[in-house]
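Chains, contacts and geometry: an overview
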Amino acid sequence: ASLDVENETAIQEALSRLIKNKTVLIIAHRMRTVAGADQVVVLSGGIVAEPLDAGHIAAILREEKLIPVAQLAAFKDPISPRTDPSMAIHYNGSALWLDAQKNGNPWLNPYSTAAVEYVGDLVEEVQQLGFEQVVLTGVQFPNIITRKQEFAAAGGKSQEGRAALLAADISTWQARFDGSVVLWLSYPAQQCTDASDALGAPAVSLGMHNLIVTADTLDAAARGQLQQSAAEAGVQNVVICSTESFQ
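Residues numbered from 1 in each chain as written. Predicted model: local features only at pLDDT ≥ 70, side-chain atom pairs only at ≥ 80, totals over all residues. Heavy atoms only, no water.

1. Points about the overall build of the chain
Condition: Helix and strand definitions here come from DSSP, where helices need a minimum of 4 consecutive H or I residues and strands a minimum of 2 consecutive E residues; each element is numbered from the N-terminal end. Between two residues, a contact is recorded if the distance between any of their heavy atoms is within 4.5 Å. Each accessible area value is a Shrake-Rupley result obtained with a 1.4 Å probe; residue values ignore everything except the protein chains displayed when judging cover.
Summing up its helical and strand segments, the chain has eight helices and nine strands in all. The long-range share in the chain, meaning contacts at least 24 apart out of those at least 6 apart in sequence, stands at 68%. Total accessible area on the chain stands at roughly 14,200 Å², and carbon and sulfur atoms take up 52% of it.

2. Looking at the pattern of salt bridges
The criterion, for reference: Salt bridge criterion: a side-chain nitrogen from Lys or Arg within 4 Å of a carboxyl oxygen from Asp or Glu. Accessible area is worked out with a 1.4 Å probe on protein chains only. A residue is then buried under 20% of its type maximum, exposed over 50%, and partly exposed in between.
Under the counting rule described, the total for this entry stands at three salt bridges. A salt bridge links Arg 176 to Glu 124; the nearest nitrogen and oxygen atoms lie 2.7 Å apart. A residue pair is termed long-range when its members are at least 10 positions apart, and Arg 176 in helix H5 (residues 159-176) and Glu 124 in helix H4 (residues 113-128) qualify at 52 residues. Residue Arg 176 is classed as partly exposed on the basis of its relative accessible area of 34%. Three or more residues are tied together by salt bridges with common partners; here these are Asp 121, Glu 124 and Arg 176.

3. Observations regarding the packing of H4 against H5
Rule in force here: Fitted lines through C-alpha atoms give the axes, limited to the stretch in contact for helices. The angle between two N-to-C directions lies from 0 to 180 degrees. Here a crossing is called left-handed whenever its near helix is offset anticlockwise from the far helix by less than a right angle, and right-handed whenever the offset is clockwise. The classification used treats Ala, Val, Leu, Ile, Met, Phe, Trp, Tyr, Cys and Pro as nonpolar, Asp, Glu, Lys and Arg as charged, and all other residues, Gly among them, as polar.
Look at H4 against H5: their axes get within 10 Å of each other, and the N-to-C directions meet at 35°. Read as a crossing pair, H4 and H5 show a hand that is right-handed. On H5, the residues touching Val 116, Glu 117, Val 119, Gly 120, Asp 121 and Glu 124 of H4 are Asp 169, Thr 172, Trp 173 and Arg 176. The residue inventory of the contact of H4 with H5, partitioned by class, reads three nonpolar, two polar and five charged.

4. Here we look at the nonpolar core
Condition: Residues grouped as a nonpolar core are buried Ala, Val, Leu, Ile, Met, Phe, Trp, Tyr and Cys residues, joined through side-chain atoms within 4.5 Å.
Core analysis: the biggest nonpolar cluster contains 50 residues, and Phe 75, Val 134, Leu 136, Val 139, Trp 173 and Tyr 187 have the highest contact counts within it. Here the element with the most residues in this core is H4; it accounts for six residues. What Leu 136 contacts, discounting residues up to four positions off in sequence, is Leu 72, Val 119, Val 123, Trp 173, Leu 183, Trp 184, Leu 185 and Ser 186.

5. Some words on the packing of aromatic side chains
Let me state the cut-off plainly: What counts as a ring pair is set by centres within 6.5 Å for rings of Phe, Tyr and Trp (its six-membered ring), and what kind of pair is set by the plane angle: stacked under 30 degrees, edge-to-face over 60, tilted for all other angles.
What the rule picks out here adds up to four aromatic pairs. Ring geometry for Phe 75 versus Trp 173: centroids 5.7 Å apart, planes at 35°, classification tilted. Highlighted residues: Phe 75 in the loop between strand E3 (69-73) and helix H3 (80-83) and Trp 173 in helix H5, separated in sequence by 98 residues. Looking at Phe 75, the relative accessible area reads 0%, which means it is buried. Site record: aromatic cluster; members linked through ring pairs are Tyr 111, Phe 141 and Phe 151.

6. Digging into the side chain of Ser 112
Following the sequence through the fold, Ser 112 ends up in the loop between strand E5 (95-96) and H4. Using a relative accessible area of 10% as the deciding quantity, one classes Ser 112 as buried. Once residues within four sequence positions are removed from consideration, Ser 112 is found in contact with Ser 86 and Met 87.

7. Concerning the pairing of E3
For clarity, the cut-off: For two strands to be treated as a pair, DSSP must find no fewer than two bridges joining them.
On E3, burial follows the alternation: Ala 70 and Leu 72 on one face are buried, whereas Val 69, Gln 71 and Ala 73 on the facing-out side are not. Both E3 and strand E6 (residues 133-137) contribute to a ladder of five bridges, which runs parallel. Opposite Ala 73, over in E6, you have Thr 137 as the bridge partner.

8. A short note on the pairing of strand E7 (residues 182-188)
Counting buried positions along E7 gives five out of seven residues, so the element sits mostly inside the fold. Across four bridges, E6 lies against E7 in parallel orientation. Of the residues in E7, the one forming a bridge with Leu 136 is Leu 185. Where E7 and strand E8 (residues 210-214) come together, four bridges link them in parallel fashion. Across the sheet, Tyr 187 pairs through a bridge with Val 213, a residue of E8.

Written as structure tokens, this is what we have:
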């Protein structure tokens, strides 16, 4: 209960690796901790008050005049690549590429048509649960591009190729859910304005309609410049929030 956000996130990521193919009971005080659970039960005075699922949570929020928003990890997903390795980034042919030598995680491959469709299917699933707005995080390549990574596509190692591919993936999702789901893409402020290995270009240039920018500190001048850059790139809506509050 006394953990800060950074350490809590690290522990949750470690648990995600350990609990694969296991049934786990989690007792928590915050909904964030059990956001990925298959079933949530609310206790009141030691008695089961009501079982909750994501659809029920969305309904409760709507009753309170709040807009339910789902958050999904896209390509930075440590579980799905192990479930279906064909969608993952590989090295040496069939081995899963991991983002660290010790306790590293695999990634979905942005060049994989199946991975792009899978992320879209997740959006459709949460839509059917009652979430009409969805935030996608991790729509990127790994932060470091190395010779060991195999994307099974030409251009995977060039910044231009990565940027064009991510823009195409975003366009695919936006076209699929046009008029039915409001899709948001989330990136740190620095990735929004600067080219990086992860994106190949500034995030604002990737063609998203709605952008959430996370930043620890951003003065008024920097906010104005970022919003102007986004508007010039065709981004329709920009929300800027602190990294901690977004998590």
